[in-house]
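The residues making up each chain are set out below.
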Number of protein chains: 2
Amino acid sequence: MLVVKSAAGKPVLPFVWSVDGEALEQTARELAKDITGHGIPWLAPGVAIASKKHPADAALSVPFVGVMSATMPTPGGSAWYPVDVLPALAPRQKAMAEGALETLRLHMDVAPVAFRLLPPVFTLSELQQAYELLLGRLLHKASFRRALQAAYLAEPTDEWRSEGRGRPAQLFKFSPRKRRGGHRSVRFDLIGH
Amino acid sequence: MLVVKSAAGKPVLPFVWSVDGEALEQTARELAKDITGHGIPWLAPGVAIASKKHPADAALSVPFVGVMSATMPTPGGSAWYPVDVLPALAPRQKAMAEGALETLRLHMDVAPVAFRLLPPVFTLSELQQAYELLLGRLLHKASFRRALQAAYLAEPTDEWRSEGRGRPAQLFKFSPRKRRGGHRSVRFDLIGH
DNA sequence: TCAATAGTGTCTGTTAGACATTATGGA
DNA sequence: TCCATAATGTCTAACAGACACTATTGA
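Here is a short report on the structure shown in this document. (Residues numbered from 1 in each chain as written. Chains lettered and ligands numbered in written order. Predicted model: local features only at pLDDT ≥ 70, side-chain atom pairs only at ≥ 80, totals over all residues. Heavy atoms only, no water.)

The next thing to look at is the overall build of chain A. Scanning chain A from N- to C-terminus turns up four helices and ten strands. Mapped in sequence order, the helices and strands of chain A form the string β-β-α-β-β-β-β-β-α-β-α-α-β-β. Residues classed as buried in chain A amount to 39% of the 193 residues present. Restricting the contact set of chain A to residue pairs at least 6 apart, pairs at least 24 apart contribute 50%. As presented, chain A carries roughly 11200 Å² of accessible surface, and 55% of it is formed by carbon and sulfur atoms. (Helix = DSSP H or I, 4+ residues; strand = E, 2+ residues; numbered from the N terminus. Buried < 20%, exposed > 50% of the residue type's maximum accessible area, 1.4 Å probe, protein only. Contact = heavy atoms within 4.5 Å. Areas by Shrake-Rupley, 256 points an atom, 1.4 Å probe, with all protein chains shown as cover.)

Given below as structure tokens:
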């Protein structure tokens, strides 16, 4: 998670003051670009919260969660944190950060978010690690690869990468779903007919 | 979905003007209670949208989705609509209504929302209809009941109800999950370890 | 009786998770 | 050669969906 330093030297989440009636998502995209210097490939709105005693008297805060490549260079005055080890944020910011993760996980089953963390070409182990990081739990290797193949989400390239010791891993690239069969889902609330 | 009539006689979603910095969810609960005369058992925040040309100059609209018993009497000056047959709303309100449904469906797998539509005691057919209404698709009867039993979400009573013709149906009541085994999930993004 | 709805039992194809095995590099 | 990691194959238990059947009421 990207954290910047406030004027007082305390860690705070990046933010902008509201511009009256401006499109929120557009504003969030511009903020992300201003800070990192790059566009953000995936962004989702979070849950607005009221801010009675906000320092600048803003009535509402509207958080956004974005995901961008982990290989992105860190811009000056900011730092990336693992999502499971956040620095000491103000209570409301902490709530927003946790809510952001929640929002992200709610979206993971309908949007290939994890791919956005990776460079254009990646190994399946890296992809699995990205999923595990975002979901906050370990996955089963064989099952992960089977499901991935069934979903046609990753496309193999003919390149391989040797990562120190061990057998080299084949490189894959993201293959946006072409509606080739569609989702399967077996959750209790999603039993198909 | 509950729709009220505006001063001009047009259908609009129920709303309140923001009270500066007031807790949003509390405000939404009070609105629901004011209109229906009852508390609302389940409520979730939706995605805030900017309202540049809002009639009253509000900068942001924060929608909430609630679910309450379908047996609730209709308050004066308002009307319930099936979620799949909405009246002609203003574009922004229409977007919010559709977004609300989306939010609702995203929450259905983590909260037993469908139960909130039903009276304290209900038949399994009614429960399945509630799920189908909220999910927008048909479910498989046998599978639905199997999954329901596995989840320990409904508890049978010793009462039965005869609904005109056909075999009487056993009545069930909601049985808040007691962490008895926990969720199972087989979605691609949720493969367990 | 028939029609209509509730509820159950059985079968089959699919698949998650476990486990083992092979493949291929570096030390 | 050993070790570490990648990738694949096989097995089993579980389960979704299909289908058919029984159960129980009113007409």
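Here the narrative resumes.
The next subject is the nonpolar core. All names here are of chain A. Ranked by internal contacts, the top residues of the largest apolar core, which has 34 residues, are L104, V113, F115, L127, Y131 and L148. With six residues, the top contributor of residues to this core is helix α3 (residues 124–135). If near-sequence neighbours (up to four positions away) are discounted, F115 is found in contact with F122, L127, Y131, L148, L153, A154 and F174. (Core = buried A, V, L, I, M, F, W, Y, C linked by side-chain atoms within 4.5 Å.)

We now examine the environment of B:P45. Relative to the helices and strands, B:P45 is located in strand β3 (residues 42–45). It is 35 Å that separates the C-alpha atoms of B:P45 and B:A169, two residues lying 124 residues apart in sequence. Ignoring any residue separated from it by four or fewer positions in sequence, one finds B:P45 in contact with A:V47, B:P63, B:F64 and B:T103.

Attention shifts here to the packing of α3(A) against helix α4 (residues 141–151) of chain A. Residue and element names in this part refer to chain A. Running from amino to carboxyl end, α3 crosses α4 at an angle of 100°, the nearest separation of the two axes being 11 Å. The angle between α3 and α4 falls in the class roughly perpendicular. Listed contacts from α4 to L124, S125, L127, Q128 and Y131 of α3 are K141, F144, R145 and L148. Class assignment for the residues of the contact of α3 with α4 results in five nonpolar, two polar and two charged. (Axes fitted to C-alpha atoms, helices over the stretch in contact; angles between N-to-C directions. Parallel < 35°, antiparallel > 145°, perpendicular 65-115°, else oblique. Nonpolar A, V, L, I, M, F, W, Y, C, P; charged D, E, K, R; others polar.)

A word on the packing of aromatic side chains. Taken as a whole and judged by the stated rule, the model has ten aromatic pairs over all chains. Pairing A:Y131 with A:F144 gives two aromatic rings, centres 5.4 Å apart and planes at 70°, and the pair type is edge-to-face. Of this pair, A:Y131 sits in helix α3 while A:F144 sits in helix α4, and the two are 13 residues apart along the sequence. On the basis of relative accessibility, which here comes to 1%, the residue A:Y131 falls in the buried class. On the accessibility criterion, A:F144 (1% relative accessible area) is buried. Note on B:F115 and B:Y131: the rings are 6.4 Å apart at their centroids and 85° apart in plane angle, and the pair reads as edge-to-face. Taken together, the residues span a long stretch of sequence, with B:F115 in the loop between α2 (91–107) and β8 (121–123) and B:Y131 in helix α3 (residues 124–135) at a distance of 16 residues. Taken together, the ring pairs connect A:F115, A:F122, A:Y131, A:F144 and A:F174 into an aromatic cluster. (Phe/Tyr/Trp six-rings, centres within 6.5 Å; stacked < 30°, edge-to-face > 60°.)

On to the pairing of strand β10 (residues 169–174) of chain A, then. Each regular strand carries side chains that alternate between the two faces of the sheet. Residue and element names in this part refer to chain A. In terms of strand pairing, strand β8 (residues 121–123) meets β10 through three bridges, oriented antiparallel. When the bridges of β10 are listed, V121 appears paired with K173. The sheet contact formed by strand β9 (residues 154–161) and β10 spans five bridges and is antiparallel. Across the sheet, the residue bridging to P156 is F172, located in β10. (Pairing = 2+ DSSP bridges.)

In this section: the side chain of B:Q128. Assignment of secondary structure puts B:Q128 in helix α3. Excluding anything up to four places from it in sequence, B:Q128 contacts B:L139, B:H140, B:K141 and B:F144.

Okay, the pattern of salt bridges next. Residues and elements named next belong to chain A. All chains considered together, the criterion is met by eight salt bridges over all chains. When the shortest N-O distance is used, the salt bridge between E98 and K94 registers 3.9 Å. On the criterion of helical spacing, the pair formed by E98 and K94 is a turn pair, its members being four residues apart in helix α2 (residues 91–107). Given the relative accessible area of 43%, E98 is considered partly exposed. Here E126 ties to R161 by a salt bridge, and the two come within 2.6 Å at their closest N and O atoms. Of the two residues, E126 sits in helix α3 while R161 sits in strand β9, which places them 35 residues apart along the sequence. What emerges from the salt-bridge pattern is a single network uniting E126, R161 and E163. (Salt bridge = Lys/Arg side-chain N within 4 Å of Asp/Glu carboxyl O.)

All names here are of chain B. With antiparallel pairing, the three strands of this open sheet are ordered in space as β2-β1-β7. Looking at strand neighbours, the two that pair on one side only are β2 (11–12) and β7 (78–80), the edges of this open sheet. Pairing between strand β1 (residues 2–5) and β7: three bridges, direction antiparallel. Across the sheet, residue V4 finds its bridge partner in β7, namely S78.

Any link to function would need more than the numbers given here.
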